[in-house]
Amino acid sequence: MDELSKTIQTDDYKKEKHVPVIEAPESVTGGEVFKVKVSVGKEVDHPNTTDHHIRWISLFFLADGEDNPIQIGDILFEAHGSSTKGPDTSTVYTNHCGTLELRTEKPGVLMASSYCNIHGLWESSRRLEIG
Ligand code: FE
């Protein structure tokens, strides 16, 4: 396996805890800003410890008729119990979810990727229509 894209895993987020979940309207008004929530572990909890956690989620949008997705934003999860006292001794843990906003004139596909420090890269997608 010598291509990054071949290492990206996917599954049903209701059964597999690593799959990024994209929550967005099915249809939006062209050109109007709307919210997209991305998270990991919506149905099956993912650990959030110094040893095992989600590092980031990125959101892309591939408009119909285009060849390349547009990067909408990245959400970094930086706190996982790190402290000068050692792993998992802090009381602070960033939860692995966030909301981005965008607008588009065209329908297309929202695509999310996420990264677990132990279990690697994951992706999911969701269709978006212009109503
Ligand atoms: Fe994991």
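Remember, it's a predicted structure, so these values are computed and weren't measured experimentally.

Cut-offs and rules
Residues numbered from 1 in each chain as written. Predicted model: local features only at pLDDT ≥ 70, side-chain atom pairs only at ≥ 80, totals over all residues. Heavy atoms only, no water. Buried < 20%, exposed > 50% of the residue type's maximum accessible area, 1.4 Å probe, protein only. Helix = DSSP H or I, 4+ residues; strand = E, 2+ residues; numbered from the N terminus. Pairing = 2+ DSSP bridges. Donors = N, O, S within 2.8 Å, 3.2 Å for Na, K, Ca; no water.

When you tally the buried positions in strand 3 (residues 34–40), you get five out of seven residues, the bulk of the element. Examined bridge by bridge, strand 1 (residues 20–23) and strand 3 share four bridges and lie antiparallel to one another. Residue Ile 22 lies in a different strand from strand 3, and its bridge partner there is Val 38. Of the strand pairs in this sheet, strand 3 and strand 6 (residues 97–102) are connected by six bridges, and their pairing is antiparallel.

Around a metal, the idealised angle for a tetrahedral arrangement of four donor atoms is 109.5 degrees; for an octahedral arrangement of six donor atoms it is 90 or 180 degrees. At this site the iron ion is bound by His 18 (NE2), His 46 (NE2), His 52 (NE2), Cys 116 (SG) and His 119 (ND1), with donor distances of 2.1 to 2.3 Å. All donors of the iron ion belong to a single chain; written as a sequence motif, their spacing is H-x27-H-x5-H-x63-C-x2-H. Taken together, the residues span a long stretch of sequence, with His 46 in the loop between strand 3 and strand 4 (54–63) and His 119 in the loop between strand 7 (108–116) and strand 8 (120–130) at a distance of 73 residues. Taking relative accessible area as the criterion, His 119 reaches 34% and is therefore assigned partly exposed.

Where strand 2 (residues 27–28) and strand 8 come together, two bridges link them in parallel fashion. Bridged to Val 28 within strand 8 is Ile 130. Sheet topology note: the strand 7/strand 8 ladder contains nine bridges and is antiparallel. Paired with Met 111 across the strands is Ser 125, a residue of strand 8. As consecutive antiparallel partners, strand 7 and strand 8 are separated by three residues.

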